[in-house]
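Chain residues, written in single-letter form:
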Amino acid sequence: MSEHPLQRCGAWAVAVLCDRERPEQVSGSDLDAVAERVVSDVVVAATARPDTAAYDWWKVLFALYPNSRATHAKRERDPARLRPEIGAMFAPDPAEGALLPCTFCGEPCSVLWSKSMLPMFDSVRAVNTLPPGLAGWPVCRSCRVALWALPYGAWVTAGSATVVTSDSQMVERRVVARNVRRAGRILQSGFEGLPAGAGPEAVTLQALRAHSTERAVTATLWTFKNDNQEPWLRITATRSGVARFLALMLSDSDCRQGWWKLRKHLEWRDKSGRVIQDGATAAARTLFDPDGRQVDRLPAELLRLAKDTDRVTESTLFEWRALCRLYLEVMHEMKTDIGELKKLAGLLVDWIDDKQNPRSKFNEYRQVAGSGYELHKLLMRAMSRLYLDGRKPLDITGITNRGLFEPGSPGWLLRAQLFFEVMAELAKRDISIAGKADDTDVDEQAEMRFDLSADPLSTDEEEYA
Ligand SMILES: [Zn+2]
C-alpha cells in the first residue's frame, strides 16, 4: 500500500472485496478473483444501454477514467470482444521486458500503462507528465487491480469520487468497507437504488468515532472530479481534537440532543419530501476544515441558526449552548473564558431587560452579535445606560483582553458563545423575546421524528444495510 490516496483506497477495496483484514494479506489468487470481478462489472457497465440502471456504473467509470477502453465513445460494444481487452489490463506482468519500479508502490514491474488507464491522470493539466524517455507509467499488477478497484472503495457519484485517508488504518478500512457495500447497490440497481442520505463526511465521522478510543485520529477527504475538461481536487480534513470532541459530545445528553437538532435544522427536503441535503452529512461537514485552514464551521453554523430565534426553541438553544461550549473547550481550550462570558451576558441582559420593549433591545444586540466593532459600541452604550440608571459598572476587561472585539479567531468564537449565554440568561430571567408564540416548526418535527436517545452520528443508510 502506498501513500497515494487513490492507490491506497483501491488497495483497501481489494482487501475488502476478497475478505482480507489488510491489503498485505491479499494473495495472488485473491487478486485474480478481484480482477475477475472488476472486469465483469466493467464489461456489463460499458455495454449497458444508457437508460438502464447498469449504465450508472459506466458513469462512475467515466468520471475516473474518461478515455479508457471501458469508457471511450468508440469502445467495443460486444461484451464477448470487450472482455478480453479489459481482462488484459490486469494480466500478470510478462516474463520478458525491462523491470521498472511501480509508479505507486515501487515494486519492480514491466507493464507500462498510458494515462488513460489511470484514474484522474488523463487531464489537460500538465501535472501528470511522464518522465522523458518512458512510453508509459510502470504499474505493477497489484496496483493495476487496485486502481480499478478504486470505485468500489471510494464514495462515488456520477461525476466524482471521494476517498478517505486517515492515520488510523481501521478508519480507512471501515470507510472503504461501507463504500464497497454501497457500490454493490449501485451496480445492482443504479443510483436510484441508493437510499437518500449519508455522504462521505457522515460516514467518516462514524468511523473516526468507532476507532478513536485510544488516541486522537484524524481523517482527510479527497474529492476528485474529472469531467474530461478541468479536473479538480478538494481536500478537507478533521483536526486532531475532533475525535475527542465526538467522544465527549456523545457522553453528554445536552450535546447529543444538540447534535440531533443541528442535523434536523440542516436537512433540506424538496416539496415532495425528497431529501436534498442530508442532515447527518451537513452536520458532519461542520467538523471538516478545507485545505488546511482552521475554519470552525460548527460554531459558525450554530450561531447562524440560533440567530433565527423564531425557528429555534429554548431547549434547542440550551443544547446548542452546551455544544458550542464543548467545541470551544476541546478545540480551542477556552474553558476559563466561558465564566467571563457569563458575566458579560448578565450585563447585556440587564440592558435588554427594560420593561417597555425588551424585544427591540434584543434585536439591536442580535444584529451586532457577530461583529466585534459593533458589539463593542453597543456594550459601551449599554454600560453607560446602566450606569446612568444607578447600576454598578461591571469590570469586563478580562474578557475584552482576550480579544472579544477583535476580528477573526478567537474573537468571533467568543462572540458566538456570548450569544448563547445571553439567550440562556434571558430564559433564566423569563424574558420573552420570541416573535411569534413559540413558532417551533422545525423543532417539533424533529422531536417527533427521532428518538433522542439514539446515536446522533447514525446515518439513515444503515437502516438499509
Ligand atoms: Zn505497485
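Each remark here, short or long, concerns the structure printed above.
This paragraph deals with the side chain of Thr-313. You can see Thr-313 is positioned in the loop between helix H11 (297-306) and helix H12 (314-332). In terms of polar contacts, Thr-313 uses its side chain to reach the side chain of Thr-316, at 2.9 Å.

Bringing the packing of aromatic side chains into the picture now. A full pass over the atoms with the stated rule returns eleven aromatic pairs. An angle of 20° between the planes, with centres 5.0 Å apart, marks the rings of Trp-58 and Phe-62 as stacked. Residue Trp-58 and its partner Phe-62 are located together in helix H3 (residues 55-64), separated by four residues, close to a single helical turn. The class for Trp-58 is buried, based on a relative accessible area of 10%. What makes Phe-62 partly exposed here is its relative accessible area of 27%. Summarising the aromatic geometry, the rings of Phe-362 and Phe-419 are spaced 6.3 Å apart at their centres and angled 45° between planes, so their arrangement reads as tilted. In this pair, Phe-362 sits in helix H14 (residues 358-368) while Phe-419 sits in helix H17 (residues 411-428), placing the two residues 57 residues apart along the sequence. Taken as a pair, Phe-362 and Phe-419 share a single burial class, namely buried. Within the aromatic cluster, the residues linked to one another by ring pairs are Tyr-65, Phe-90, Trp-113 and Trp-148.

If you trace the five strands from one edge of the open sheet to the other, you get S5-S6-S7-S8-S11, paired in antiparallel fashion. Among the strands making up the open sheet, the edge pair consists of strand S5 (155-156) and strand S11 (289-290). Across six bridges, strand S7 (residues 219-225) lies against strand S8 (residues 232-237) in antiparallel orientation. From the neighbouring strand, Lys-225 faces S8, where its bridge partner is Trp-232. Across the sheet, helix H6 (residues 169-189) is in contact with S5 and strand S6 (160-166); its angle to S6 comes to roughly 155°.

Enumeration according to the criterion identifies 34 salt bridges in this entry. Each of Asp-350, Arg-391, Glu-425, Lys-428 and Arg-429 takes part in a single network of salt bridges with overlapping partners.

With omega at 5°, the peptide bond leading from Ser-409 into Pro-410 counts as cis. Phi is positive for Asp-296, which is not a glycine, with a value near 55°. Mapped onto the secondary structure, Asp-296 falls in the loop between S11 and H11. The backbone of Asp-430 shows a phi angle near 60°, a positive value even though the residue is not glycine. Relative to the assigned elements, Asp-430 resides in the loop between H17 and helix H18 (441-449).

Now for the coordination of the zinc ion. Protein-derived ligands of the zinc ion are Cys-102 (SG), Cys-105 (SG), Cys-140 (SG) and Cys-143 (SG), with the metal-ligand distances lying across 2.2 to 2.3 Å. Here the zinc ion binds four donor atoms, and the angle range of 104 to 115° at the metal identifies the geometry as tetrahedral. The motif formed by the donor residues of the zinc ion, counted along the single chain, is C-x2-C-x34-C-x2-C. Neither residue differs from the other here; Cys-140 and Cys-143 are each classed as buried.

Rules used throughout
Residues numbered from 1 in each chain as written. Predicted model: local features only at pLDDT ≥ 70, side-chain atom pairs only at ≥ 80, totals over all residues. Heavy atoms only, no water. Helix = DSSP H or I, 4+ residues; strand = E, 2+ residues; numbered from the N terminus. Polar contact = N/O pair within 3.5 Å; in protein donor to acceptor, adjacent residues only side chain to side chain. Phe/Tyr/Trp six-rings, centres within 6.5 Å; stacked < 30°, edge-to-face > 60°. Buried < 20%, exposed > 50% of the residue type's maximum accessible area, 1.4 Å probe, protein only. Pairing = 2+ DSSP bridges. Contact = heavy atoms within 4.5 Å. Axes fitted to C-alpha atoms, helices over the stretch in contact; angles between N-to-C directions. Salt bridge = Lys/Arg side-chain N within 4 Å of Asp/Glu carboxyl O. Donors = N, O, S within 2.8 Å, 3.2 Å for Na, K, Ca; no water. Tetrahedral: all angles 85-135°; square planar, octahedral: opposite > 155°, others 65-115°.

Remember that the coordinates give geometry; whether it matters functionally is a separate question.
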